Structures are given as C-alpha cells and as structure tokens.
Protein chains: 2
Amino acid sequence: MNIYVDGMGGDHAPDAVVKGCVDASKEFQKKITIIGDEAKIHELLKKEEYRKDLIEVIPSSEIITNNEDPALAIRRKKQSSLVIGLRRVKEEEDSVLVSAGSTGALLAGGTLLVGRIKGIQRPALTVMLPTKKGFALLLDSGANVDCKPVYLQQFAIMASIYAEDLLGIKNPKVALANIGIEEKKGNELTKESYQLLKETNINFVGNVEARDILQGDVDIIVCDGFAGNMILKATEGVGQFLMDALKETIMSSTRAKIGGLLLKPALKEFKKKMDYTEVGGAPLLGIKGGIIKAHGSSNAKAITSAIKQAIKYQEEKITMKISNKVVEIKE
Amino acid sequence: MNIYVDGMGGDHAPDAVVKGCVDASKEFQKKITIIGDEAKIHELLKKEEYRKDLIEVIPSSEIITNNEDPALAIRRKKQSSLVIGLRRVKEEEDSVLVSAGSTGALLAGGTLLVGRIKGIQRPALTVMLPTKKGFALLLDSGANVDCKPVYLQQFAIMASIYAEDLLGIKNPKVALANIGIEEKKGNELTKESYQLLKETNINFVGNVEARDILQGDVDIIVCDGFAGNMILKATEGVGQFLMDALKETIMSSTRAKIGGLLLKPALKEFKKKMDYTEVGGAPLLGIKGGIIKAHGSSNAKAITSAIKQAIKYQEEKITMKISNKVVEIKE
C-alpha cells in the first residue's frame, strides 16, 4: 500500500503534517510519503526521530490555496503537492491520499484526475459532526448543490458502507434531512428521495429535522449539497457565536471571571470533545481511490488520525465495496 | 384599529396571553380583544387590574394545536380562536391579529381566509435570529420549500419595508443565503436570484454564508423555505446542544460546580440576550392584513411586545406599502 500525504495543505502545514506523518509511521509501522517543499520538509524532519525507511519525501514546487478557483488550480498547478498526490492515486492501484488542503480543489482534482467509481453519478463531500452520542456523517456537505433523488440514494449507500466497514457502526441508521419528520413533508427532492431510500437496501429510518441532528439518534444524514452546507455552516457559526458569547459572559464581572477560572479545566475537556481531531478526516466518497480530507485546522494528531482512516479505507476495500453495491442495485 | 389576540395559542396560553394583553392595554392605551375560552379567560382576568373598556373577550370553543394538519384544521375548526381571529382580520379593514399558536395553521389560515396581497406570489414566514449586533430577519423560514427567484425577490422587498418602517433599521442590508460569497456560487435558484436581487431597488449586499449570519453584518437574509428551515433548526439545535453540554460540564466536578455557581448571574443575563422575548413576534409577510406570529413559548412580556409590533404594523401601513412597491416593480 502507498500512503501519500499532501505536505502543504492545511492551516498548520507543513509543520503539523510532517509531525503527524512521523507519528503515523511509528504507530502503524507503514511507509508514509510526504509530498511538499523538499527543503522545508527535510528541515522539519531533522527535529524528529523516525525510521528512515518509513518516511519518504516527494518534492513539489507549487501550493494550491483556498482562495483560488479549484478546477483552474488543478489544471494549472501541475507541480502542486495536491496534484502530484492525486496523480499517484490515479496511477498506482493500491494507494491513498490524505490532504488538509482546499476541499474544493480536492474534490475537483478527485473528479478530474482520479475519476468517479463506475455507476456513481456524483462524488460527495462528507463531514463528521460531533453529537451527543458520538458523531454523525453528513453528506453531501457542499459539492453538489443541485441534486437528483438518485444522488441522495447513492450518498446513502456509500456512507452506509463507510460507516459500517470503516467506522465499525453496525447497521448504521440513515436519515434524510427534512423540514419535518412526516413522510409527506419536504420539497420535491426530499419527497422523491424518501420513496427511493425506502426501497433501498440500507437502514433508512426516515426524516430528521436539522434541530435533532446533534442528538445523535442517527448515524448518517443525507441531503443535497446546498442544504448540507447550510446545516454544516450554521452549526459552525452558532458554535463560534456561543463560544464567543460565553467568553464575553465570563469577562463581564469579577465574580464571573473567578467562575470562569474554576470552570476552565472542564471547559477545556468540553472543547476537546467538540473537536474533530479524534475522529480524523472525512472521505471523498464516490472517487476511484481512497482520498481522505483532513480538517483544514488539523494538528499533528488529526493528521495521524486521518492517515489511520486512509489505511483502513484501503484495507477494507471501500471503493470496491461501493462499486459492487452500485452494480447490485442497478441489476 | 381593532387588535385581536389568539387567547388559546402558545405553550403558556391562556395565562401568559391574558397577562400580556392586560399589560399591553395599559402600556399602549388601546383596546385589545382576546379570543378564547370565555370562562377561563374571565377567570384569569379576575386576578388582573385593568380598564374594562380596554379589554374585550370573544368566545371560542375550539383550539388548533401544533399536531394537526394546518389546512385541514383551518377548514374544520371554524369555532377556533385562530379561525375567528383571522375572519376578523379579513372582514374588518383596520384590524390586526397576534397569535403564539401553530405557525403552520396561521400561515394556512392567513392564505386561505385572509388572502395574499395582490401581486405577491407567496407569503413568507419570517423569524428573528439574535446576532452579535442585535438581530436579523430570516425569510422564508419554512413556508415555501420550493421557490422561484421572483419569490426571493419579493421576500427581500417585503422584509426591507418591514425592517425600515417598523423596526427602524435605516436602509436595511439584504443578503442571499448561499454556500459562498462569490456571485457565481450556489445552486440554480440562488444564481438566478442573485441577478434579480442585484437589479431590485433594495440594499442588496450579496451572498452570506450560514456561518456568518449570527455575526450580524446583514439585517435580512433571504432564501427558500427549505434552506431557511435548515438554518433556523440547525441554529436552534446547536444552541440547545451547547447549552446542555455546558450544563453537563458544570456538573462534571466540584470545582466546576462552584465555577458554574459563580457564573450563574452572568449566564442568566446571557440567556436573556438570546431570548426572543424582547423582540416580540415576527410578521407573516405578504398577507392582506397585519398578522404577527409570537414565539410558541411566549411569556406575557413577549405577547405585549408582539402586540406592540402589530399596532405598529397597522400604523405604518405595511400592507399598503408592500402592495405599492410590488406594483411599482411590475411597472
């Protein structure tokens, strides 16, 4: 198995990425190949202890940022760490890629350079939301803003395989994001999708309202990318808003400040729970090859965790399983 | 002006509603008519001090709940407080209605019994979201799950008039909820709507991501009812989730408990800020008559505040202004 990591992607790249790769090489005893600025990466590697045969560096000379057009960047920056990594996944059968870089570029590159799994109409961006009971997979979270019911059906199938075989959730519960729980509720897309999901051989449990997603009663939430983006971004925004408001509240009086000080360790623990670090990355489902997107703000631990997922993605042959299931449904 | 209040709508009806009406009658020196269970309401009124000429009761014998089909309930329960109230708004020119009851029934009843303003294609459910800088109007929040660009244009026009003339926000900033701020981003609906909004004589400032709504940089957010529902419900859900998590954090150790105790007054203040009470109700925009929806969990203060908005709605002739503006745009 060839494990490639985009050394230049993410807010804390290359430092956190290099550290995460070194840790992963020790923990999983597998060779990791970091693609990135050779000089910088070797400089960082000097500070680390690692087995030389388990870390390799492939040089790249360009970086794709969050601020450029994804498709354009993929086409133009052929010497970027991301494009080099995607090419490897395309060319080498048993290879995976982890990147904390631009989500848009990863998606565009995954589709353009690596290609979709045969039968899959649209690849989906998956995110993991922390819930009361653990976490839930939300897809699509922004790649496909106009969807047909069959896309949502395929999202549900792909995520079910991923959740069961990679995350170890037995018979994962799939729900459709909707404005109400009743079968007849919703817009044209959800009404049709409901019927299709009902007939699909997955554990479809019906509609879920956006209000109830974080309760953690369902494992997978499917929706079109526009709705998914609204849910994901609103969730992030409210979280930030409330955290800021809590800080302000703590600073509002001496008494509150002392209270805040006493609460600090517990709040830190709480913040950790909300963090994506433990879960690691989220897969680009529907692409012919294991591509794991790590969170943009990933630290070393998150990178290690994403690498673990990438390894498991390949070991569990998720791509093949998705491919087989799609064929089975068509027949 | 005739001010009608649905005495039986809301989680704390009729108690909180009666108290809110009595307070409003004193504060605004206007006659308020409460529609509801006559015996119960007179029982509650006995406990209050009020001017007999400023409080009237119209008896009703049925109640529409949140758990029934809105359109069906409106057609069947002709003796419900809500239907009687809506009939009055339809029949008496200078009348308004406040209700904390079923949103769906209010919308269905508003459309079926009172009717749309001429030229308005779809009435919109508006909600007020608390933000860092005050609050923002979000519409549509769930009435119209499949929208055309012209609906969103009309939502923007109606909300602009309401925000400026009733809420006193000068030249209110209107944004389109979208997956990115760039003009070309979005689904078919938002792309077309963007162009239409750009050409409309309102203060359109472009796209806003769901993440940034609570920052309070825009006053009005327009979207289709499905997306609006996702934003609203996700916001509510995350708020509830984080508040529960905070409580759990506070209970996690003796130290944290003491911290929580010291923080209590400040947290209470914070919770108040997040509350809808101060803002009062939200209008059903596009209906031929002033209909103000108070929050389902309204206390007496929230009812008084919603009545204040209803009075202003009528005084500022919002219906007429919307009607004129729609005609102007068509010409």
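Residues numbered from 1 in each chain as written. Chains lettered and ligands numbered in written order. Predicted model: local features only at pLDDT ≥ 70, side-chain atom pairs only at ≥ 80, totals over all residues. Heavy atoms only, no water.

The name given to chain A in an unreviewed UniProt entry is Phosphate acyltransferase, with Alkalibaculum bacchi as the source organism. Within the UniProt record for chain A, the comment given under Catalytic activity (unreviewed entry) is "a fatty acyl-[ACP] + phosphate = an acyl phosphate + holo-[ACP]". Per UniProt, chain A carries the Sequence similarities (unreviewed entry) text "Belongs to the PlsX family." (UniProt positions renumbered as here; feature names shortened; annotations may be inferred.)

All right, on to the environment of K47 of chain B then. Along the chain, K47 of chain B turns up in the loop between α2 (38-46) and β3 (55-59). As for K47 of chain B and K19 of chain B, which are separated by 28 residues in sequence, their C-alpha atoms are 9.4 Å apart. (Helix = DSSP H or I, 4+ residues; strand = E, 2+ residues; numbered from the N terminus.)

It is worth spelling out α2 of chain B at this point. Residues and elements named next belong to chain B. Of the residues making up α2, those classed as buried are I41, L44 and L45. The buried residues of α2 occupy an angular sector of 100° when the element is viewed end-on, so they sit on one face. Along α2, exposed side chains directed more than 90 degrees from the buried face belong to A39 and K46. Where α2 is buried, its residues meet α1 (15-28), β2 (32-36) and β3. The N-cap of α2, judged by a side-chain oxygen 3.2 Å from the amide nitrogen of A39 a few residues on, is D37. (Buried < 20%, exposed > 50% of the residue type's maximum accessible area, 1.4 Å probe, protein only. Arc of directions from axis to C-beta. Contact = heavy atoms within 4.5 Å. Polar contact = N/O pair within 3.5 Å; in protein donor to acceptor, adjacent residues only side chain to side chain.)

Here the focus is the environment of L82 of chain A. Here L82 of chain A shows up in helix α4 (residues 81-91). Filtering out sequence-adjacent residues up to four positions away, L82 of chain A remains in contact with D6, I64, I74, L97, S99, A105 and L106 of chain A.

Here we come to the packing of aromatic side chains. Residues and elements named next belong to chain A. Using the criterion set out here, one finds four aromatic pairs over all chains in the structure. Between the aromatic rings of Y162 and Y313, the centroid separation amounts to 6.2 Å while the plane-to-plane angle is 45°, which identifies the pairing as tilted. Here the residue Y162 occupies a position in helix α6 (residues 149-166), and Y313 occupies one in helix α10 (residues 300-315), the gap between them amounting to 151 residues. Residue class for Y313 comes out buried when judged on its relative accessible area of 1%. Arranged with centres 5.1 Å apart and planes meeting at 80°, the rings of Y194 and F204 form a pair that is edge-to-face. Highlighted residues: Y194 in helix α7 (residues 188-198) and F204 in strand β8 (residues 203-208), separated in sequence by ten residues. Its relative accessible area of 15% is what places F204 among the buried residues. Note that K52 overlies the ring of Y50, its terminal NZ or CZ placed 4.3 Å from the centroid. (Phe/Tyr/Trp six-rings, centres within 6.5 Å; stacked < 30°, edge-to-face > 60°. Lys NZ or Arg CZ within 6 Å of the ring centre and 35° of its normal.)

The transformation that overlays chain A on chain B combines an axial shift of 0.0 Å with a rotation of 180°, and the residual RMSD is 0.1 Å. Within this description, the copies of the chain are treated as partners about a two-fold rotation axis. Of the C-alpha atoms belonging to chain A, the one lying closest to the rotation axis is found on G259 of chain A, 1.8 Å away. The fraction of interface residues of chain A whose copies in chain B are also interface residues reaches 100%, indicating that both copies meet through the same surface. (Least-squares fit on C-alpha atoms with pLDDT ≥ 70 in both.)

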